[in-house]
Amino acid sequence: FERADIIAALKVSLIVGLASTAISTLLGTTLAMGLARHRFSGRAFVESLLYVPVVTPEIVCGISLLILFAWMKVALGITTIVIAHVAFNISYVTIVVRARLEGMDRNLEEAAMILGANEFVAFWKVTVPQLWPGILSGALLAFTMSFDDFVITSLVSGPGSSTLPIVVYTMVRKNIEPSINAISTIILVVTALMIWAADRLERRDAPQGAR
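Read on for a plain summary of the structure. Quick caveat: nothing in here was measured; it's all calculated off a predicted structure.

**Here's the deal with the overall build of the protein chain**
Tallying secondary structure elements over the protein chain gives 10 helices and zero strands in all. Start at the N end of the protein chain and walk to the C end: the helices and strands fall as α-α-α-α-α-α-α-α-α-α. Principal axes of the C-alpha set define a box for the protein chain whose edges measure 65 × 40 × 25 Å. Out of the 211 residues in the protein chain, the part that is buried amounts to 42%. Nonlocal contacts in the protein chain, meaning residues at least 24 apart in sequence, comprise 79% of its contacts between residues at least 6 apart. When the accessible surface of the protein chain is summed, it comes to about 12,100 Å², and 69% of that surface belongs to carbon and sulfur atoms. In the protein chain, the 16 positive side-chain charges and the 15 negative ones have mean positions that sit 2 Å from each other.

Laid out in C-alpha cells, this is it:
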C-alpha cells in the first residue's frame, strides 16, 4: 500500500471491473430473459455466439479487439479495456442467469398477472426476487474475470491505463521482490472468495432443475 504505482493500478482495475460488471450484468440479464422467454428468428445463432468468447483463446479475442479498435481509430485506454471486458463478460452473465431462468416456475408470474399485476409489476415483484441470486452470481463472476484478466487487457490498454495484473507482470520482469508475493496472495484469496460466493449464490434457493 506504500507503492503509488500499485495503488494507481488497483484503482484502474476497480474502475474497469465495476464498469464492465455493471454493463455486462444489465445486458447479459436482458439477453438471458430474451433467450429464455421468447422465440425469434436467429435465436439458435445468438445462442451459439454466446459460447464464442468462452471457448476462444484470450489471445485471439485480444488481437481481434485490437484490430477492431485500430480500424475504428479508437484511442486505447480505460474505455477500450471496459469494452473488451464487456465483450467476454456478457457471455458468462447470460449463461448463469439463463440457467437460473430455465429452472424457474412461470406459473408464479401468471398467477400474479391473474391477480391483477401487469407484466412489469409481475417481473419486478415475482421474477426479480427469484432471479436475484443468479444475477448477483453472474455479476461476481464477471467482476472476477475482469479483475484478473491480463492477456486481453495488455493488448487493448494504453498509456496510464495499466491494471493491477499488468503492473504485477511488469514488476516480475524487472525483479522478484516480496511485494509481488503479497499482491499475488491477496489477488488469489480475493478471487477464490468471490468465485466461492458466486457459486453459493447460484446454488442458494435454486430450483431443483437448475442445480
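Anyway, onward from the coordinates.
**Quick notes on the pattern of salt bridges**
Oppositely charged side chains can pair when the atoms bearing their charge come close. Counted according to the given criterion, the structure contains one salt bridge. Across the pair Arg98 and Glu47 runs a salt bridge, and its minimum N-O distance is 2.6 Å. In this pair, Arg98 sits in helix α5 (residues 78-102) while Glu47 sits in helix α2 (residues 43-50), placing the two residues 51 residues apart along the sequence. Side by side, Arg98 and Glu47 carry an identical accessibility label, which is buried.

**Points about the nonpolar core**
Val16, Leu65, Ala84, Ile152 and Val156 are the most contacted members of the largest nonpolar core, which totals 14 residues. The set of elements that each furnish at least two residues to this core consists of α1 (4-37), α4 (58-71), α5 and α8 (151-156). With seven residues, the top contributor of residues to this core is α5. Discounting chain neighbours no more than four positions away, the residues touching Val16 are Ile78, Ile81, Val82, His85 and Ser146. The next biggest cluster of nonpolar side chains, apart from the first, holds 12 residues, and it includes Ala9, Phe147, Leu164 and Ile187.

**Re the side chain of Thr80**
In this structure, Thr80 sits in helix α5. In this structure the side chain of Thr80 is engaged in a polar contact, spanning 2.7 Å, whose partner is the backbone oxygen of Val156. Ignoring sequence-local partners within four residues, the contact set of Thr80 consists of Phe69, Val74, Ala75 and Val156.

**A short note on the environment of Ser91**
Within the secondary structure layout, Ser91 lies in helix α5. With relative accessibility at 3%, the residue Ser91 sits in the buried group. Setting aside anything within four residues of it in sequence, one finds Ser91 in contact with Leu50, Pro53 and Val54. Within the structure, the side chain of Ser91 is placed 2.7 Å from the backbone oxygen of Leu50, a separation counted as a polar contact.

**Remarks on a nonpolar patch on the surface**
A grouping of Ile59, Val60, Ile63 and Ile67 is seen on the molecular surface, where their side chains present a nonpolar patch of about 340 Å² in accessible area. Following the sequence through the fold, Ile63 ends up in helix α4. Classification of Ile63 as partly exposed rests on a relative accessible area of 40%.

**What about the environment of Val52?**
Summarising the element assignment, Val52 is placed in helix α3 (residues 52-55). Each C-alpha atom of the pair Val52 and Ser91 lies 8.4 Å from the other, and the pair is 39 residues apart in sequence.

Conventions adopted
- Residues numbered from 1 in each chain as written.
- Predicted model: local features only at pLDDT ≥ 70, side-chain atom pairs only at ≥ 80, totals over all residues.
- Heavy atoms only, no water.
- Helix = DSSP H or I, 4+ residues; strand = E, 2+ residues; numbered from the N terminus.
- Buried < 20%, exposed > 50% of the residue type's maximum accessible area, 1.4 Å probe, protein only.
- Contact = heavy atoms within 4.5 Å.
- Areas by Shrake-Rupley, 256 points an atom, 1.4 Å probe, with all protein chains shown as cover.
- Lys, Arg positive; Asp, Glu negative; His and termini not counted.
- Charge placed at Lys NZ, Arg CZ, Asp CG, Glu CD.
- Salt bridge = Lys/Arg side-chain N within 4 Å of Asp/Glu carboxyl O.
- Core = buried A, V, L, I, M, F, W, Y, C linked by side-chain atoms within 4.5 Å.
- Polar contact = N/O pair within 3.5 Å; in protein donor to acceptor, adjacent residues only side chain to side chain.
- Patch = residues over 30% accessible without salt bridge, like charges linked within 9 Å, V, L, I, M, F, W, Y side chains within 5 Å.

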